[in-house]
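# Chains, contacts and geometry: an overview
Each chain, letter by letter, is given below.
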Amino acid sequence: MTEKQIPASAGANDGIAAMLAQGWAGWAVVTLVVLVSVYSFSPRPEPDFPPSGLKSDRVLLNDAALDAGRVIAVGEQGVILLADDPRGPWRQASVRTPRGSTLTRVMFLDGGVAIAVGHDSWILRSTDQGSNWQEVHFDPERSEPLLGLAGPYDGRLYAFGAFGQFFVSQDNGLNWQRETLVEEGAAPKPVVTSTDPADIFAGAADIGGGLGESHLNDMTRAGDGALILVGERGLVARSTNGGASWRVVPQFYSGSFYGVMTLGSGRLLVHGMRGHVFYSDDHGRSWKPAKVPLANSLFGGTVLRNGDIILVGASNTMLLSRDNGASFVSVAKKGPHGLASVLAFESGELLKIGEGGLSLVRLGQGH
């Protein structure tokens, strides 16, 4: 068998063709990489979250509010979620000027108006039940968080927080004025400091600077019309003139109070660090300790339609009182996520709000 000879010219042409093919392939790869890089780094609008695609159990939330079936929840990085059923679907509200500052509290007023407050003295307002929000105050230079909302009482709405921040609105949250807290007999006095290792102020040996320097966490109105303000280091203060001046109640606990509630009977209830709960039957002038089975900090609570009280806090703590706050029992198993607040519905279900986002439970079932 004779070997077939390939003409030299044909071999050269095939080699050139192969080289060209390889060259074009290389250029194609380079071009593709360039195009992908340009697309990746080019500015373009963020995609909207589909109504059913937002994971409401994977975001840290601090508070929620209910109005005519609409639920709104607020939390980390300025997120605001809303739904028309506590089971969802949850969707994100529209914020005209997003800031990324954590929101700490939210509440509904009349007429579909809602107010939310948070870090950097951020205050937001909605007039359509929480669907759209406008910024009405922001102060990043101070970088101090607002921690609470209360009212309106006699036409005045209050926002307050760290280092004595205290704002008042008399036009349904549209405009806010910063006010200085005036303490009756305001000479600086020694503070009885906590020895509790869970208290960030434990062991501090300083002189108290009064209300104007205290962290303020919550407020309510007592049955006699007095405003009750609570905060760090066992602070409880009363005002009988709409907040123009305050009288601090003699300290009966050295740890922080995170919440205060007015019960249907007129009794007041405060709760805070290490499961400490106290109640008052004289509009906040004196306090007695409640019986509590756990030493977990309590951050939020609500009163059910039948008058029972639910308090929630660290490690999935849920406490129930059926005797007007005199004693509590645990109604939930210990869990990895802390709870910041809770909402109650006419169905008997409870919406837990906290580190694990949102979850709907019913008393008597595993939760």
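Described below are features of the structure shown in this document. (Residues numbered from 1 in each chain as written. Predicted model: local features only at pLDDT ≥ 70, side-chain atom pairs only at ≥ 80, totals over all residues. Heavy atoms only, no water.)

### As for the packing of aromatic side chains
Applying the stated criterion across every chain, the model contains 11 aromatic pairs. With 5.6 Å between their ring centres and 35 degrees between their planes, F252 and F257 make a pair best called tilted. In this structure F252 comes out as partly exposed when scored by relative accessible area, which is 26%. Owing to a relative accessible area of 0%, F257 belongs among the buried residues under this scheme. Residues Y253 and F257 carry aromatic rings whose centres are separated by 5.6 Å and whose planes lie at 50 degrees to one another, so their mutual orientation is tilted. The pair formed by Y253 and F257 is uniform in burial state, with each residue classed as buried. Through pairs of rings, three or more aromatic residues link up here, namely F252, Y253, F257, F278 and W287. (Phe/Tyr/Trp six-rings, centres within 6.5 Å; stacked < 30°, edge-to-face > 60°. Buried < 20%, exposed > 50% of the residue type's maximum accessible area, 1.4 Å probe, protein only.)

### Let's talk about the sheet that holds strand β24 (residues 298–303)
The sheet built from 4 strands is open, its strands ordered β24-β25-β26-β27 with antiparallel pairing. With partners counted over all chains shown, the strands left at the sheet margins are β24 and β27 (329–330), one partner each. In terms of strand pairing, strand β25 (residues 309–313) meets strand β26 (residues 317–321) through 5 bridges, oriented antiparallel. Its bridge partner being in β26, G313 is matched across the sheet by T317. (Pairing = 2+ DSSP bridges. Helix = DSSP H or I, 4+ residues; strand = E, 2+ residues; numbered from the N terminus.)

### Thoughts on the side chain of N62
Among the secondary structure elements, N62 is positioned in strand β1 (residues 61–67). The residues contacting N62, other than those within four sequence positions of it, are V74, G75, T102, L103, T104, R105, A340, S341 and I353. (Contact = heavy atoms within 4.5 Å.)

### Section: unusual backbone geometry
Between G88 and the following residue, P89, the backbone shows a cis peptide bond with an omega angle of 5 degrees. By secondary structure assignment, the location of P89 is in the loop between β3 (80–83) and β4 (91–92). With an omega dihedral of -5 degrees, the bond running from G151 to P152 counts as a cis peptide bond. With respect to the element layout, P152 can be found in strand β10 (residues 146–153). With a phi angle near 65 degrees, N172 is a residue other than glycine that sits in the positive phi range. With a phi close to 65 degrees, N316 is a non-glycine residue in the positive phi region. Relative to the elements of secondary structure, N316 occurs in the loop between β25 and β26.

The quantities given are spatial measurements derived from coordinates; they are silent on function.
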